[in-house]
Amino acid sequence: MSTSNRNRLTAGGLIDRARPLGFSFDGTRYRGYEGDTLASALLANGVRLVGRSFKYHRPRGIFSAGAEEPNALVELRSGARREPNSRATVTELYDGLEAASQNRWPSLAVDALSLNRFLQPFLGAGFYYKTFMWPAAFWEKLYEPIIRRAAGLGRAAEEADPDHYEKATAFCDVLVIGAGPAGLMAALAAGRAGARVILADEDFLPGGGLNAEAGDVGRKPAPAFAAEMVAELMSLPTVRVMTRTSVFGVYDSGTYGALERVSDHLPEPAPFQPRQRLWRIIARRAVLAAGATERPIVFGGNDRPGVMLAGAVGTYVQRHAVLPGQKIALFANNDGAWREMLAAHAAGAPVETIIDVRTEVAADLTQAARAEGIRVLTGAQVIATAGKTLTGLTVATASGTERIAADTLAVSGGWSPSVHLTCHHGGKPRWEEAIAAFVPGTCPPGLSVAGAAKGVFGLGACLKDGAAIGAEAAQALGFTVPALDVPDVADAPFALTPFWHVEGSKGAAFVDLQNDVTAKDVGIAHKEGFRSVELLKRYTTLGMATDQGRTSNVTGLAIMASLTGASIPETGTTIFRPPYTPVSMGALAGHHRGKDFRPVRLTPTHEWARAQGAVFIETGAWLRAQYFPRNGEKDWLETVSREVTSVRAGVGLIDVSTFGKIDLQGRDVGAFLDRVYINGFAALAVGKARYGVMLREDGMVMDDGTTARLAPEHYVMTTTTANAAKVYQHLEFCLQVLWPELDVALSSVSEQWAQIALAGPRARDVLARVADGDVSNAALPFMGAIEGTVMGGVKARLFRLSFSGELGYEIAVPARFGAALAQALMQAGEEFGITPYGIEALGVMRIEKGHVSGNELSGQTTAGDLGFGRMASTKKDYIGRTLAARPGLTDPDRPAFVGFRPVDPSRRLRAGAHFLPLGAAPTMANDQGYMTSVAYSPHLGHWIGLGLITRGPERLGERVRAYDPVRGEEIEVEICAPGFIDPEGVRLRG
Amino acid sequence: MRIPCPYCGERDAHEFAYLGDATLTRPDPAAAEAEQAFHDYVYLRDNPAGAHEEWWYHANGCRQWLRVARDTRTHAISGAVAARVAGEPA
Ligand SMILES: [Zn+2]
């Protein structure tokens, strides 16, 4: 392990020198300390080259000390936990951290593809549009693979993520975003008033700029002051401090999205802890105290490793006790950067030269610098840089150019308030000439901005503003805010002369470091007419990388403004959209992955069916028994055919609890049913059930099912499994919105009742042994529905219904008795060879019987299409009646429901095959309909089908082609009536 | 988005199902131009930028249909009343 830490100061900083942490970068081992970021630890060890750029593979170093980092993107961890594009500047160091540089080949130091920079003239603005337009076929085969190889970011893990991610919701009165000076004061003001406060900060150490501040606050070192504030906040019962938490989006009604990096600072999450947690924070008010982001000045060679934002140099020195270099120069246009450098120098950082574009700089600063032996060049500009990592600068002054040795160049072009979240409801930032920066415009409702995020610069001013805005937020909610003692900090005056780009500089001058967009590219966009900021962005990709142009947007805009001669606000502004920082897909998915993407519902007899050897299948939201294979059966078809045959010859049972069940009570249920079903229900007798068809208001069939009248004012309806929720919602709409005058109360009872279908010629024999009362044909005739008991006193509803075409019953018991009922029926049916069957056999029997099901209730079929035309009452209005009469829906040429059998009985039918007249070409014009359902009928010994074909019922006996281009099959079929078994219904009435 | 359900309090929009314009009235099927009226009722919708009164169903809550006043430009919700209760949402 390298133990150098040669750029580490011996004292100071917010690191714990008693807790060394080992880590590796590109396979080399290093040491850092607790309190380091990966970036500060790399700099401490003298590692300055950390990556290659996106397009030109230029060597890049660490540019910032925060979330705005465009360069230092690394792959973290390895194997399944490998995470690309991690910003080293916000990656908290932990023992054993492994990081690797990205986008380099074969190695970081020697990169073959850095040749790309010789291609730079061709890869400039709009190169995607210009170079690869023609020929189109080359795109997939040639250009894309090359570009993917040459340009790119890190590699995603190729294995499933072994960690899990949580979602959580929190509520508060005041959400404070950012725990810098303004945020801490805002949280304290609201917290002391008794408001429920959440203070969220993306850093692992709250305090923001206070942690990099050299001076005192309230007679304490600034970081100690911050720590004291945090301690008090954490002691307040209504305040919650959330560190490592980025608020990334502002949504409607005071809803904020936040990402908590619960375990990113650990090699792997602790047991039962998620890697990250996605928060939905509901806040009555919010205070944005996100601070500001420093912006660079653009000049030739400004991307060389060693060029760094001035504030970042200050942060590394003050907070991490790291010297970014041994010969430091500053290039700036403002006083704040001078003070930052003087403080760094006082802390031991060897600052040798200060270069300022201004000819006039406050005398106190120049005198202070000279007193420290720092060379001062005013009215000067950096025009070039040298070295693989920075070794020297070329500076143009009034008297000519000169070379200056430097291994670190701190750059500052001013500060841009972090207005991002204020734009999330479409608000546009406003240009503030006094600070040459965009400040918040119209904010989302309930959000106010405090401190540097709104352009209030200066520590003292931020503390005061935070306290005031926090108090205001709490007061607006009715809290009484006690007076807050805000420490006095004297702020130096803000002095900046806007300066963006050194026009006479040599070499590529990068505006957007992450997307490799140069000042020249902005010039090309201007020349070619892409001058509006939205076009500039898209044409050059400026600001469109994962950093969202934090350090480049305003500069790019300013350069364009200078080219067009317009002002910056006239040229445009940039709107920021969520998320503020990248959010991992894992966090957005949370637990909804793999089998948990959509949890399955289990039937009341699930365990019983499993014990019977069932094979299960997901049908909609349910896991249902598909079939029950027995030893020696060679495939599912043999199993299903055996189940069907056993039912038709003896008796079988299946769980049908998944049907929707709706309880209807009240004086007007009959009238209500008349209005929602096409057929009449008002005359349904107590103790009877009736099949019904429902339409949508547009005239298409919505659902079908049976409704039974259990008592004069008590009915129970069944719906199809798939439409249970939709039908219930529809019925509530009809009752609450359309006909509130009807006396009907609805209740979904799908979960409360287990329902088992018993079918086959011996069904009554079995039921008689389980039911406590009389189930003879007289007591319970076909379509009868009675309440009684089974199994010696278990409340039950008995329905004489048949989906299979056999003598059939459905027995409903309270859900907890479902499995017991299945067992009781099995026992009672043992001597009749009772067979449990699954939904495959159920499907085969309904196709044999010619019943419609989900395949036919497709939302595109009318009652007439499905053969229910004569069921529709003409004596009443019902939902869908008027529009069902439209010419298009009553066209006699519409495909209508019939059966199909293969002319050659050895051939298999395929659902989805389209019907064509014999000899007709397979064209849309000749298409007459399609096969909706097919099954192998053990009863007939060949395949059978149901389908929709033009004028079907008039064409029984006619032969057509069933054409299946997907499987490349074609077969001749004969149209027949849709009942293949017992069409007269003798069996089910028996 | 959060909807103030008169029965359940302010709840997240995830709990609700949306239907659309709450100012439409189901036409009289016996009227002379019933087919045209139903066609308009089922298919034709205004798409206003601004105030909109619309149906939301509290599916994962009280199962009531609510008449909600929402500004389509800002998603600001100014009120909600149950369908069965007379009166304007806001
Ligand atoms: Zn509700």
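Residues numbered from 1 in each chain as written. Chains lettered and ligands numbered in written order. Predicted model: local features only at pLDDT ≥ 70, side-chain atom pairs only at ≥ 80, totals over all residues. Heavy atoms only, no water.

The name given to chain B in an unreviewed UniProt entry is Sarcosine oxidase subunit delta, with Ancylobacter vacuolatus as the source organism.

Per an unreviewed UniProt entry, chain A goes by Sarcosine oxidase subunit alpha and derives from Ancylobacter vacuolatus.

On to the coordination of the zinc ion, then. Residue and element names in this part refer to chain B. Coordination of the zinc ion by the protein comes from Cys 5 (SG), Cys 8 (SG), His 58 (ND1) and Cys 62 (SG), over a distance range of 2.0 to 2.4 Å. Because the angles between the 4 donor atoms bound to the zinc ion fall within 104 to 116°, the donor set is best described as tetrahedral. For the zinc ion, the donor residues sit on a single chain with the sequence spacing C-x2-C-x49-H-x3-C. Taken together, the residues Cys 5 in strand E1 (residues 2-5) and His 58 in the loop between strand E4 (51-57) and strand E5 (65-71) connect sequence positions 53 residues apart. Note on accessibility: Cys 5 and His 58 belong to one class, buried. (Donors = N, O, S within 2.8 Å, 3.2 Å for Na, K, Ca; no water. Tetrahedral: all angles 85-135°; square planar, octahedral: opposite > 155°, others 65-115°. Helix = DSSP H or I, 4+ residues; strand = E, 2+ residues; numbered from the N terminus. Buried < 20%, exposed > 50% of the residue type's maximum accessible area, 1.4 Å probe, protein only.)

This brings us to the sheet that holds strand E3 (residues 17-21) of chain B. Residue and element names in this part refer to chain B. The strand order E3-E4-E5-E6 describes an open sheet built from 4 strands, whose pairing is antiparallel. Bordering the open sheet on either side are E3 and strand E6 (77-82), each of which pairs with just one other strand. Direction aside, neighbouring strands of the sheet carry axes that sit 30° apart on average. Where E5 meets E6, 5 bridges bridge the pair, whose relative direction is antiparallel. Residue pairing in the sheet places Arg 70 in a bridge with Ile 77 of E6. (Pairing = 2+ DSSP bridges. Axes fitted to C-alpha atoms, helices over the stretch in contact; angles between N-to-C directions.)

All names here are of chain A. The domain boundaries assigned to chain A delineate domain 1 (1-160), domain 2 (165-292 + 417-476), domain 3 (294-394 + 403-414 + 494-571), domain 4 (618-658 + 751-850), domain 5 (660-749) and domain 6 (891-990). With centres defined by C-alpha atoms, the gap from domain 2 to domain 3 works out at 28 Å. Facing the 15 residues of domain 2 at the interface are 15 residues of domain 3. Summed over the shared surface of domain 2 and domain 3, the number is 1 salt bridge. Two residues, Asp 203 and Arg 319, come together in a salt bridge whose shortest N-O distance is 2.6 Å. (Domains from an automatic or database assignment. Contact = heavy atoms within 4.5 Å. Salt bridge = Lys/Arg side-chain N within 4 Å of Asp/Glu carboxyl O.)

Per the UniProt record, "domain: SoxA A3" (unreviewed entry) is annotated on residues 507-590 of chain A. The annotated region residues 507-590 of chain A carries 45% helix and 6% strand content, and the separation between its end C-alpha atoms amounts to 47 Å. (UniProt positions renumbered as here; feature names shortened; annotations may be inferred.)

With that out of the way, let us pick up the packing of aromatic side chains. Taken as a whole and judged by the stated rule, the model has 18 aromatic pairs over all chains. Ring centres of Phe530(A) and Tyr539(A) lie 3.9 Å apart, and the angle between their planes is 20°; on these two criteria the pair is classed as stacked. Their ring planes at 90° and their centres at 6.1 Å tell us that Phe38(B) and Tyr41(B) sit as a pair that is edge-to-face. Here Phe38(B) pairs with Tyr41(B), and both are found in helix H1 (residues 34-43), just 3 residues apart, close to one helical turn. The pair Phe38(B) / Tyr41(B) is uniform in exposure class, with both members buried. Following the ring pairs from residue to residue traces out a cluster consisting of Phe733(A), Trp55(B), Tyr57(B) and Trp65(B). The aromatic ring of Tyr580(A) is capped on one face by Arg550(A), whose charged end is 4.4 Å from the ring centroid. One residue, Arg63(B), lies across the ring of Tyr728(A), its end atom 4.8 Å from the ring centre. (Phe/Tyr/Trp six-rings, centres within 6.5 Å; stacked < 30°, edge-to-face > 60°. Lys NZ or Arg CZ within 6 Å of the ring centre and 35° of its normal.)

Moving on to the sheet that holds strand E34 (residues 652-655) of chain A. All names here are of chain A. Pairing in this open sheet of 6 strands is mixed, and the strands run E41-E42-E43-E40-E34-E44 from one edge to the other. If you trace the sheet from one side to the other, it starts and ends with strand E41 (785-790) and strand E44 (835-836), each paired once. Alignment of E34 against E44, held across 2 bridges, turns out to be parallel. Bridged to Gly 652 within E44 is Thr 835. Across the sheet, helix H20 (residues 818-829) is in contact with E34, strand E40 (753-759), E41, strand E43 (808-814) and E44; its angle to E40 comes to roughly 20°.

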